[in-house]
Amino acid sequence: MRRFVADRARRAVSASLRAAARPAAPSTAPALPRPPLPSAAAMAAALARAMSTSAAIAPPVSLDTINPKVLEFKYAVRGEIVTHAQNLENELQKHPESLPFDEILYCNIGNPQSLGQHPVTFFREVLSLCDHPALLDKSETHALYSSDAIERAWQILDKIPGRATGAYSHSQGIKGLRDEIAAGIAARDGFHASGDNIFLTDGASPAVHMMMQLLIRSEKDGILCPLPQYPLYSASITLHGGSFVPYFLDEETGWGLEVEELKKQVDEARSKGITVRALVVINPGNPTGQVLAEENQKKIVEFCKNEGLVLLADEVYQENIYVEDKQFHSFKKIARSMGYTDDDLPLVSFQSVSKGYYGECGKRGGYMEVTGFSADVREQIYKVASVNLCSNIGGQILSSLVMNPPKAGDESYESFMVEKDGILSSLARRAKALEEAFNSLEGITCNKAEGAMYLFPRLHLPQKAIGAAQAAGASPDAYYALRLLQATGIVVVPGSGFGQAPGTYHFRCTILPQEDKIPAIISRFKEFHEKFMDEYREESLASNECREEPSASNESREEASVSNESREEASASTESLEEASASTESREEASASTEKRGD
């Protein structure tokens, strides 16, 4: 590039010199003395000026020239707090004694195997045999693998054209695997399912993006989403140019979803000229962990039918239920039990292999079941899917296994159930231990985790702490999360990254660290929190006053702004967080300061 600029500059200078040396046209005017040819120094100076001008041209790609929607959206789950944690982790590797903790504990994201959860044996046996079919012909394989894993691998390979797991598949996914998934859905719900309605994807996220691409035509199209919400939804709506229409979950009733709130927000959006296209429901909830009651789901289905909305059902945590009085019901099952058919309600259900008891996040497997759309619209969905050619074959295989695991009588069944029940019961114990720990602390209240993989405690912070956060240019929950990280190495996500009622502050914490580490996490957290509250305690404040702070009223939540701008202001993307991770030197100073404060 530099040579090109220099050559262009030389040509420009040469052209200028030739023009200066060219004989002048005849004229009757008195001849003027011809200027002398430029010296070598003058030529060099002209060349330098030309190169300098070329170099000053703005780069073809900058923050001013990229898609503004990319700048606009936020994804707090892997935001500035996590970036700073990764920097601290690097520092620990180089200087193990430099920080007041010996490891970073990532409680920010639902990534089970990264925190020590083991893969399910049956699933991995089948995957390995499918990826290396030559093993099936070896006699020693029968001593290493269960007989039903071997049989299942043969069955799956027979469904794959050419038994080639490294080849592209149909853009919806391998037909035989889609049929297996449909059979699993039918067995779960008690209603017919068709493999033709299944679109296999690389996890649930691409399926969500596909539906946003399909539904959003302009900023006048809105998608109704919960607050708090998983930021995939706000991000994808922003990227595809739509409007985020929030509805608030009621923290006082265990993060309840009230149809009256849905109706109010739809009417308000329509009064602003927004066409509400769809309702997103996350069940079990992320980040809030609630499980919807069957009667509540029926009201939601009825609402979508009456309002002409597509129901987008995020059901990726359907296996993660931790309370005896609740169970998972798919929205498709609810709709069919109410007598509604494909002609009555467009419904898209999302599932993933990343969650549940399987936790295979890195395998990137998932699907959406699409019902209630006309044939011509389904053709367009297929066209969108075909742009990506197909999802990865390993993820497709794993999705079929998750929906069709070993059954009673299979050789692997007993060991499979031991693994499954062991994981889920341990998650329930971890959720309860963390919930009780949070609720035992001054200034924190936490609803029960009925399902999913998270707790979403509320912080009742002293005004002095809120003022310190504002002075640092951070939202109060982001300020708290950063201080927690610097003092303990525990990584959580500020509630502002998920959306929350105005005047309230939260953080999301996973329940995924291994069970033997939970006591240490609780101890670290408790020590930090007590010192933090003491540091910012008002002298005239009673020790329990923070816990008695009144909840934000429904009226204040209703007055909350629904604009993207207000959500961005609430995000943890602040100057103070950027400064916190600017350099190794500044991190060491921050660490020293933390030790001095005794945080």
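Going along each chain's sequence as written, the residues are numbered from 1 onward. It should be noted that, the model being predicted, local features are given only for residues of pLDDT at least 70 and side-chain atom pairs only at 80 or more, the latter also being counted only at that level, while totals for whole chains, interfaces and linings use all residues. Only hydrogens and water are set aside when side-chain values are computed; all heavy atoms of the structure are taken into account.

- The name an unreviewed UniProt entry assigns to the chain is Alanine aminotransferase 2, from the organism Brachypodium distachyon.
- UniProt positions are given in the numbering used here, feature names are shortened, and annotations may be inferred rather than shown by experiment. According to the UniProt record, the Sequence similarities (unreviewed entry) comment for the chain is "Belongs to the class-I pyridoxal-phosphate-dependent aminotransferase family. Alanine aminotransferase subfamily."

## Section: the overall build of the chain
Next up, step 1: The secondary structure content of the chain amounts to 23 helices and 14 strands.
Next up, step 2: Looking at the 599 residues of the chain, the share that counts as buried comes to 51%.
Next up, step 3: Should any heavy atoms of two residues lie within 4.5 Å, those residues are considered in contact. The long-range share in the chain, meaning contacts at least 24 apart out of those at least 6 apart in sequence, stands at 75%.
Next up, step 4: Areas reported here follow the Shrake-Rupley algorithm with a probe of radius 1.4 Å; residue values treat only the protein chains shown as occluding. Per element, the accessible surface of the chain, about 27400 Å² overall, is 52% carbon and sulfur. Secondary structure elements follow DSSP: runs of H or I of four or more residues count as helices, runs of E of two or more count as strands, with numbering from the N terminus. Burial classes follow relative accessibility: with a 1.4 Å probe on protein chains only, a residue under 20% of its type's maximum area counts as buried, one over 50% as exposed, and anything between as partly exposed.

## Describing the pattern of salt bridges
Next up, step 1: Between Lys or Arg on one side and Asp or Glu on the other, a salt bridge is scored when a side-chain nitrogen of the former is within 4 Å of a carboxyl oxygen of the latter. Within this structure, the stated rule accounts for 25 salt bridges.
Next up, step 2: Its salt-bridge partner being Lys332, residue Glu369 comes within 2.7 Å of it at the nearest N-O pair. Within this pair, whereas Glu369 is found in strand β8 (residues 366-371), its partner Lys332 is found in helix α13 (residues 331-337), the two being separated by 37 residues in sequence. Lys332 shares its class with Glu369; the two are buried.

## Quick notes on the nonpolar core
Next up, step 1: Think of a nonpolar core as a cluster: buried Ala, Val, Leu, Ile, Met, Phe, Trp, Tyr and Cys residues, connected wherever their side-chain atoms sit within 4.5 Å. Grouped together as the largest cluster of nonpolar side chains are 122 residues, with contacts concentrated most on Phe123, Leu312, Phe350 and Met368.
Next up, step 2: Domain delimitation in this document rests on an assignment produced automatically or drawn from a domain database. The residues that make up this core include at least three from each of domain 1 (80-113 + 421-536) and domain 2 (122-412).
Next up, step 3: In this structure, Met368 is in contact with Asn197, Ile198, Phe199, Ala207, Met210, Met211, Val348, Ser349, Phe350 and Ile381, ignoring residues within four places of it in sequence.
Next up, step 4: Residues Ala269, Ile274, Val301 and Leu309 belong to the second largest nonpolar core, which totals 31 residues.

## What about empty space enclosed by the protein?
Next up, step 1: A 1.4 Å probe that fits into a set of points on a 1 Å grid over the protein atoms alone but cannot get out defines a cavity; an open set with protein on both sides within 12 Å along at least five of seven lines defines a pocket, and lining residues are those with an atom within 4 Å of a point. Grid points are joined across faces, edges and corners, and a volume is the space filled by probe spheres set on the points. The tally for this structure, following the rule as stated, stands at five cavities of 30 Å³ or more.
Next up, step 2: If you go around the second largest cavity, the residues you meet are Pro226, Pro228, Tyr247, Leu249, Leu257, Val281, Ile282, Gly285, Asn286, Thr288, Gln290 and Leu292.

## Comments concerning the confidence of the model for the chain
Next up, step 1: Summing up the model confidence of the chain, the mean pLDDT is 83 and the portion of residues at 70 or higher is 79%.
Next up, step 2: Here residues 1-6 is modelled with pLDDT under 50, and outside its nearest four sequence neighbours on either side it reaches four contacts, counting other chains as well.
Next up, step 3: For the stretch residues 24-29, pLDDT sits under 50, and the model shows zero contacts to residues farther than four places along the chain or on other chains. For every residue, the predictor states its confidence as a pLDDT score lying anywhere from 0 to 100.

## Concerning the sheet that holds β8
Strands belonging to one sheet form pairs held by backbone hydrogen bonds; the direction of such a pair is parallel or antiparallel.
Next up, step 1: Each pair of strands is called paired provided DSSP finds at least two bridges between the two strands. Strands sit in the order β2-β8-β7-β6-β5-β3-β4 across an open sheet of seven strands; the sheet is mixed. Every other strand in the sheet has two partners, leaving β2 (198-201) and β4 (243-248) as the edge strands with one partner each. If you compare each strand with its neighbour and ignore which way they point, the axes differ by 20 degrees on average.
Next up, step 2: The axes used here are C-alpha line fits, helices contributing only the stretch in contact, and every angle between their N-to-C directions lies in the interval 0 to 180 degrees. In this fold helix α8 (residues 175-189) packs onto β2 and β8, with an angle of close to 115 degrees to the strand it touches most, β2.

## Some remarks on the state of the cysteines
Next up, step 1: By definition, disulfides here are pairs of cysteine sulfur atoms that lie within 2.5 Å. The tally for this structure, following the rule as stated, stands at zero disulfides.
Next up, step 2: Free cysteine Cys107: the closest other cysteine sulfur is in Cys509, separated by 4.4 Å.

## A few points about the packing of aromatic side chains
Next up, step 1: Working definition: a ring pair exists when centres of Phe, Tyr or Trp rings (six-membered ring for Trp) sit within 6.5 Å. Plane angles under 30 degrees give stacked, over 60 give edge-to-face, the rest tilted. All chains considered together, the criterion is met by 18 aromatic pairs.
Next up, step 2: Both rings, one in Phe438 and one in Phe507, keep their centres 5.5 Å apart while their planes meet at 85 degrees; by these two values the pair is edge-to-face. You can see Phe438 sitting in helix α16 (residues 413-439) and its partner Phe507 sitting in strand β14 (residues 505-510), a full 69 residues away along the chain.
Next up, step 3: In this structure Phe438 comes out as buried when scored by relative accessible area, which is 4%.
Next up, step 4: Pairing Tyr480 with Phe532 gives two aromatic rings, centres 5.0 Å apart and planes at 80 degrees, and the pair type is edge-to-face. One end of the pair, Tyr480, is in helix α18 (residues 476-488); the other, Phe532, is in helix α19 (residues 518-535), with 52 residues separating them in the sequence. Accessibility assignment for this pair places Tyr480 and Phe532 in one class, buried.
Next up, step 5: Grouping aromatic residues by their ring pairs yields a cluster made of Phe438, Tyr479, Tyr480, Phe507, Phe525, Phe528, Phe532 and Tyr536.

## Observations regarding the packing of helix α11 (residues 259-271) against helix α12 (residues 294-307)
Next up, step 1: Look at α11 against α12: their axes get within 10 Å of each other, and the N-to-C directions meet at 25 degrees. Compared by their axis directions, α11 and α12 come out roughly parallel. Pair α11 / α12 crosses with right-handed handedness. Contacts from Val259, Leu262, Lys263, Val266 and Arg270 in α11 reach Lys299, Ile300, Phe303 and Glu307 in α12.
Next up, step 2: In this count, Pro and Cys sit with the nonpolar residues alongside Ala, Val, Leu, Ile, Met, Phe, Trp and Tyr, while Asp, Glu, Lys and Arg are called charged and the others, Gly among them, polar. When its residues are assigned to classes, the contact of α11 with α12 shows five nonpolar, no polar and four charged. Roughly parallel refers to an angle under 35 degrees, roughly antiparallel to one over 145, roughly perpendicular to one between 65 and 115, and oblique to any angle outside these ranges. Handedness of a crossing follows from how the near helix is turned relative to the far one, being left-handed for an anticlockwise turn of less than a right angle and right-handed for a clockwise one.

## Some details on the environment of Gly499
Next up, step 1: Its place among the elements puts Gly499 in the loop between β13 (493-494) and β14.
Next up, step 2: Since its relative accessible area comes to 13%, Gly499 is described here as buried.
Next up, step 3: Taking C-alpha positions, Gly499 is 9.1 Å from Pro246, a pair spaced 253 residues apart along the chain.
Next up, step 4: Contacts of Gly499, omitting those with residues within four sequence positions, involve Leu227 and Pro228.

## Thoughts on helix α7 (residues 147-159)
Next up, step 1: Between the first and last C-alpha of α7 there are 19 Å, a value that for 13 residues agrees with the 18 Å anticipated at 1.5 Å per step.
Next up, step 2: Along α7, the positions that sit buried rather than exposed are Asp148, Ala149, Ile150, Arg152, Ala153, Ile156 and Leu157.
Next up, step 3: Each element contacted by the buried residues of α7 is listed here: α5 (121-131), α6 (141-144), α8 and α15 (393-402). Each helix should span, by expectation, one fewer than its residue count multiplied by 1.5 Å.

## Points about the packing of helix α9 (residues 204-215) against helix α14 (residues 375-387)
For any two helices packed against each other, one specifies the inter-axial angle together with the distance between the axes.
Next up, step 1: As a packed pair, α9 and α14 sit with axes 10 Å apart at the nearest point and diverge in direction by 130 degrees. Judged on the interaxial angle alone, α14 and α9 are oblique. Where α9 crosses over α14, the handedness of that crossing is right-handed. Contacts from Met210, Gln213 and Leu214 in α9 reach Val377, Gln380, Ile381, Val384 and Ala385 in α14.
Next up, step 2: In terms of residue class, the contact of α9 with α14 is made up of six nonpolar, two polar and no charged.

## Topic: the side chain of Lys332
Next up, step 1: Here Lys332 falls in the buried class, since its relative accessible area comes to 4%.
Next up, step 2: For Lys332, the side chain forms a polar contact with the main-chain oxygen of His192, separated by 2.9 Å.
Next up, step 3: When neighbours within four sequence positions are excluded, Lys332 is seen to be in contact with Ile185, Asp189, His192, Ala193, Leu347 and Glu369. Polar contact criterion, stated in full: a pair of N or O atoms within 3.5 Å, where within protein one must be able to donate a hydrogen and the other to accept it, and residues adjacent in sequence count only if both atoms are side-chain atoms.

## Focus on unusual backbone geometry
Generally, phi is negative for residues other than glycine and the peptide bonds are trans, each holding for most cases.
Next up, step 1: Here Asn283 and Pro284 are connected by a cis peptide whose omega angle stands at -10 degrees.
Next up, step 2: Tracing the sequence through the fold places Pro284 in the loop between β5 (275-282) and α12.
Next up, step 3: Here Asn286 and Pro287 are connected by a cis peptide whose omega angle stands at 15 degrees.
Next up, step 4: For Pro287, the position within the fold is in the loop between β5 and α12.

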